[in-house]
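Listed here are the chains, written in short residue letters.
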Amino acid sequence: MNTRKNSGGASAVAATPTGAVPRGGSAAKRQGTTTRRAAASGSASDRRDHLVKIAAELFARKGFQATTVRQIADEAGILSGSLYHHFDSKETIVDEVLSTFLRDLIARYRAALATDGDARAVLSEMVRIGFGTLEPHRAAITVMQNDWNYLRSLPGDRFDYLIKAEDEAERMWIAQIKRGQSEGLIRPDVDVKLTYRMIRDTIWVAVRWFRPGGRLNTNALAEHFITVLFDGLATGERTSHKA
């Protein structure tokens, strides 16, 4: 650290004419430049996030393959060339949409598993997490349902993380269902993998009919499903039987 004293002291600053840059003021000037650059960087980041949201809505509504860069730019009110200042392709945009969703989902699942609750409590929380993504990640979930096979068919390994995330989620769900069976909380005669798939599809397909602001919010949907999942629909003696 430079500890040299300014020989001019405070009087040197006081004697500086209004509007002039005092000695040592170059640091203040640099600081101002840095602040402006930070603000510009923040604006660029905000703009990028805005473009991702616009593109995500178009991908969800029109399909990824049918959406063009020009349509994204038109929706954003910019020229197509300007979009390339932020993204090199629409694949990069959908990559960001999907990876953001999956990182959030998997992180929340892991947090649920890290609690000390029994299998029923953990599975209930995982159901809440799933339904809770329907609003903030609606577009991403829709794109995954509609364009999963196409994205996986693209050359290279760019979208390999889709399979890895799906596999990890499946392992977490199945482990908890098996744990529930071993704890005597879940029937031992149900097919574990089939049960997981039915839970998974019930949650994700809901994105097609759920509308924010409707009679039920995502919390209410989750609690209703948890009730049906663990308490069932029928009353009295169990009537189900194997075919």
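Residues numbered from 1 in each chain as written. Predicted model: local features only at pLDDT ≥ 70, side-chain atom pairs only at ≥ 80, totals over all residues. Heavy atoms only, no water.

Interhelical geometry of helix α7 (residues 138-153) versus helix α8 (residues 160-182) gives an angle of 125° and a closest axis separation of 8 Å. Viewed along their axes, α7 and α8 adopt a mutual orientation that is oblique. Taken together, the residues of α8 that come into contact with α7 (itself represented by W148, L151 and R152) are D160, L162, I163 and E166. Taken together, the residues of the contact of α7 with α8 break down into four nonpolar, no polar and three charged. (Axes fitted to C-alpha atoms, helices over the stretch in contact; angles between N-to-C directions. Helix = DSSP H or I, 4+ residues; strand = E, 2+ residues; numbered from the N terminus. Parallel < 35°, antiparallel > 145°, perpendicular 65-115°, else oblique. Contact = heavy atoms within 4.5 Å. Nonpolar A, V, L, I, M, F, W, Y, C, P; charged D, E, K, R; others polar.)

Before going further, it helps to examine helix α10 (residues 218-231). End to end, α10 covers 20 Å across 14 residues, agreeing with the expected 20 Å (1.5 Å per residue, within 8%). Residues of α10 that are buried include every one of T218, L221, A222, F225, I226 and F230, and no others. Relative to the axis of α10, the buried residues are bounded by an arc of 140° and lie together on one face. Along its buried surface, α10 packs onto α6 (119-132) and α9 (192-205). The N-terminus of α10 is capped by N217, whose side-chain oxygen sits 3.1 Å from the backbone nitrogen of N219. G232, located one to two residues past α10, shows a positive phi value of around 75°. (Expected span 1.5 Å × (residues − 1). Buried < 20%, exposed > 50% of the residue type's maximum accessible area, 1.4 Å probe, protein only. Arc of directions from axis to C-beta. Polar contact = N/O pair within 3.5 Å; in protein donor to acceptor, adjacent residues only side chain to side chain.)

Now for the layout of surface pockets. Of the voids in this model, the second largest pocket is the one considered here, and its volume is about 420 Å³. Lining of the second largest pocket is provided by 21 residues; of these, M144, W148, E166, R200 and W204 occupy positions nearest its centre. For the lining of the second largest pocket, the elements supplying multiple residues, two or more each, are α5 (90-113), α7, α8 and α9. It is α9 that provides the largest number of residues to the lining of the second largest pocket, a total of seven residues. Looking at the lining of the second largest pocket residue by residue, the classes come out as 17 nonpolar, one polar and three charged. (1 Å grid on protein atoms, 1.4 Å probe; cavity = no way out; pocket = protein on both sides within 12 Å on 5 of 7 lines; lining within 4 Å. Points joined across faces, edges and corners; volume = space filled by probe spheres on them.)

Relative to the 22 Å expected for 16 residues at 1.5 Å per residue, α7 spans 23 Å between its end C-alpha atoms, a close match to the ideal helical length. All buried positions along α7 are accounted for by A139, A140, I141, T142, V143, M144, D147, W148 and L151.

What follows covers the packing of aromatic side chains. All told, the structure shown has seven aromatic pairs when counted by the stated rule. A ring pair is formed by Y109 and W173, whose centres lie 5.9 Å apart and whose planes are at 90°; its orientation type is edge-to-face. On the criterion of sequence distance, the pair formed by Y109 in helix α5 and W173 in helix α8 is long-range, its members being 64 residues apart. W173 shares its class with Y109; the two are buried. Considering the side-chain rings of F159 and Y161, the 6.2 Å spacing of their centres and the 40° angle between planes classify their relative orientation as tilted. Here the aromatic cluster, defined as three or more aromatic residues joined through ring pairs, consists of F59, F64 and Y150. Taking the ring centre of F64 as reference, the NZ or CZ of K90 above it sits at 4.6 Å. (Phe/Tyr/Trp six-rings, centres within 6.5 Å; stacked < 30°, edge-to-face > 60°. Lys NZ or Arg CZ within 6 Å of the ring centre and 35° of its normal.)

Moving on to the nonpolar core. Grouped together as the largest cluster of nonpolar side chains are 63 residues, with contacts concentrated most on Y109, F131, L151 and W173. The greatest single-element share of this core, amounting to 10 residues, is contributed by α5. Apart from the residues lying within four places of it in its own chain, the contact partners of L151 are F64, V94, L98, V143, F159 and L162. (Core = buried A, V, L, I, M, F, W, Y, C linked by side-chain atoms within 4.5 Å.)

With respect to the secondary-structure elements, K90 resides in helix α5. Look at K90: it is buried, it has no salt bridge, and the nearest opposite charge is E91 at 5.6 Å. A distance of 2.6 Å separates the side chain of K90 from the backbone oxygen of T67, its partner in a polar contact. (Lys, Arg positive; Asp, Glu negative; His and termini not counted. Salt bridge = Lys/Arg side-chain N within 4 Å of Asp/Glu carboxyl O.)

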